[in-house]
Amino acid sequence: MEVERVQGIANFSTETIPEEFIRSTNEQPGLTTVQGTVLEVPVIDLSDPDEKKMLEAIIDASRNWGIFQVVNHGIPDEVIRKLQEAGKVFFELPQEEKELYAKPPGSQSIEGYGTKLQKELQGKKAWVDHLFHKIWPPREINYQFWPKNPPSYREANEEYTKHMHGVVDKLFRCLSVGLGLEGHELKEAVGGENLVYLLKINYYPPCPRPDLALGVPSHTDMSSLTILVPNDVQGLQANRDGHWYDVKYIPNALVIHIGDQVEIASNGMYRSVLHRTTVNKEQTRISWPVFLEPPSDLEVGPHPKLVNEANPPKYKTKKYREYCYCKLNKIPQ
Ligand code: OGA
Ligand code: NI
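Quick caveat, the model's predicted, so the values are computed rather than measured.

Caption draft 1: The arrangement of the overall build of the protein chain in detail. When you go through the protein chain residue by residue, the secondary structure sums to nine helices and 13 strands. Counting only C-alpha atoms and orienting by the principal axes, one finds that the protein chain spans roughly 60 × 45 × 40 Å. In the protein chain, buried positions account for 52% of the 333 residues. Excluding contacts between residues fewer than 6 apart, the proportion of contacts in the protein chain whose partners are at least 24 apart in sequence is 76%. Accessible area of the protein chain: about 15900 Å², with a carbon and sulfur share of 51%. With 38 positive and 45 negative side-chain charges, the protein chain shows a separation of 3 Å between the mean positions of the two kinds.

Structure, rendered in structure tokens:
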């Protein structure tokens, strides 16, 4: 059976969209986005010579927003540009060629090209296609899901991965110190050197009714942290105190999300951010989140040094695999 991709649906949708993409009024971006925003997701300079100020900004943003952008992060602009170009070229290939990388039916792993087939609880569909594959550590990589076309795809992804490690370590160190732990302890709690980097490319084709549809609906990421590069089309929104705010596009910035596993390990000191994406009438939006995931057999729970009689654990300790299973099947944790 041929699988329907949103990219294909977008090609023949000029004025209207199929009913299953129309959100209920409490989700429609046209009705639920705060207009004339004054509040903005914090932007943090990772090379600020005032390190104390930078540290405090990261801690504050992680406690109060669960999302922030970083600039001067050390990943060269050219490396980001090549990652973006390679992914864009892949999604512009003829459909048959993309289908060579389709997630195998029945596969337990998330890797591969696809479209979320399962409708959501209210029976709605998301206006987005995706490609998932791991990029780190090398022993976890399945190259069958890495596009061979364009030929630059592999090198572009490897270069980006190589440059990510410095940012990952810096973020974890700051967050760890912010909890009163040793610099290395938070990263260790979520997998340390065995942390798995899972890349996703989201491809959001133009949508004739961006006021009615959503790209990715409201969710928090299951990962420890997520590091995201967008293209220049606005679309990411973060929720704070029940309101949806646009995350302003800043060229070459990285968007950092606190994920569920850091919320859990910090025993709720840091909050994973509720976020969603809107789509655009004329332009294609593309984003490249990398989910930093604990190994599936690792048990993650509130860090032992952060719990005592006065501060009991607020979350269960469980294997990451089990956490994901419950979340994906909407079973209480
Ligand atoms: C996601 C996500 C945001 C974006 O894929 O989990 O939140 O900007 N994407 O595409
Ligand atoms: Ni997300």
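Caption draft 2: Representation of the coordination of the nickel ion (ligand 2) in the model. Bound to the nickel ion (ligand 2) on the protein side are His219 (NE2), Asp221 (OD) and His275 (NE2), at distances that span 2.1 to 2.2 Å. Assessed through its relative accessible area of 5%, Asp221 is described here as buried. For His275, a relative accessible area of 4% corresponds to the buried category.

Caption draft 3: Spotlight on the environment of Asn64. Counting through the fold element by element, Asn64 comes out in helix H3 (residues 51-64). Residues Asn64 and Ser223, spaced 159 residues apart in sequence, show a C-alpha to C-alpha distance of 19 Å. For Asn64, the side chain forms a polar contact with the side chain of Asp60, separated by 2.9 Å.

Caption draft 4: Focus on the UniProt feature "domain: Fe2OG dioxygenase" (unreviewed entry) in the protein chain. Following the UniProt record, the feature "domain: Fe2OG dioxygenase" (unreviewed entry) maps to residues 194-294 here. Taken as a whole, residues 194-294 contains 6% helix and 41% strand, while its terminal C-alpha atoms sit 7 Å from one another.

Caption draft 5: Just the packing of helix H4 (residues 77-91) against helix H6 (residues 153-178), in detail. For the pair H4 and H6, the least separation of the axes is 9 Å and the interaxial angle reads 140°. Comparing their axes, H6 and H4 come out oblique. In this structure, H4 crosses over H6, and the sense of that crossing is left-handed. Contacts between H4 and H6 involve Val79, Ile80, Lys82, Leu83, Ala86 and Gly87 from the former and Tyr153, Ala156, Asn157, Glu159, Tyr160 and His163 from the latter. Here the residues of the contact of H4 with H6 are counted per class, giving seven nonpolar, three polar and two charged.

Caption draft 6: Looking closely at the nonpolar core. Core analysis: the largest hydrophobic core is formed by 61 residues, its most contacted members being Ile58, Tyr160, Met164, Phe172, Ile227, Leu254 and Leu292. At 10 residues, H6 tops the list of elements feeding residues into this core. Apart from residues no more than four positions distant in its own chain, Leu292 is found in contact with Val168, Phe172, Leu195, Val196, Tyr197, Ser223, Ser224, Leu225 and Ile227. Ranked by size, the runner-up nonpolar core spans 14 residues in total, among them Phe21, Trp127, Val128 and Leu212.

Caption draft 7: The arrangement of the site of ligand 1 in detail. For ligand 1, the set of nearby residues contains 13 residues, the closest of which are Lys200, Tyr204, His275, Arg285 and Ser287. Between ligand 1 and His219, the relevant distance is 3.0 Å, taken from an oxygen atom to a side-chain nitrogen or oxygen of the residue. The contact in question runs from an oxygen atom of ligand 1 to an N or O atom on the side chain of Ser287, over 2.5 Å. In the complex, 97% of the free accessible area of ligand 1, which totals 290 Å², lies under the protein chains. Of all the elements in the fold, those that place two or more residues in the shell around ligand 1 are strand S5 (196-204), strand S10 (275-277) and strand S11 (285-293). Among the elements that line the shell around ligand 1, the one with the most residues is S11, at four residues.

What counts, and where the lines are drawn
- Residues numbered from 1 in each chain as written.
- Chains lettered and ligands numbered in written order.
- Predicted model: local features only at pLDDT ≥ 70, side-chain atom pairs only at ≥ 80, totals over all residues.
- Heavy atoms only, no water.
- Helix = DSSP H or I, 4+ residues; strand = E, 2+ residues; numbered from the N terminus.
- Buried < 20%, exposed > 50% of the residue type's maximum accessible area, 1.4 Å probe, protein only.
- Contact = heavy atoms within 4.5 Å.
- Areas by Shrake-Rupley, 256 points an atom, 1.4 Å probe, with all protein chains shown as cover.
- Lys, Arg positive; Asp, Glu negative; His and termini not counted.
- Charge placed at Lys NZ, Arg CZ, Asp CG, Glu CD.
- Donors = N, O, S within 2.8 Å, 3.2 Å for Na, K, Ca; no water.
- Polar contact = N/O pair within 3.5 Å; in protein donor to acceptor, adjacent residues only side chain to side chain.
- UniProt positions renumbered as here; feature names shortened; annotations may be inferred.
- Axes fitted to C-alpha atoms, helices over the stretch in contact; angles between N-to-C directions.
- Parallel < 35°, antiparallel > 145°, perpendicular 65-115°, else oblique.
- Left-handed = near helix turned anticlockwise from the far one by under 90°.
- Nonpolar A, V, L, I, M, F, W, Y, C, P; charged D, E, K, R; others polar.
- Core = buried A, V, L, I, M, F, W, Y, C linked by side-chain atoms within 4.5 Å.
- Near = heavy atom within 4 Å.

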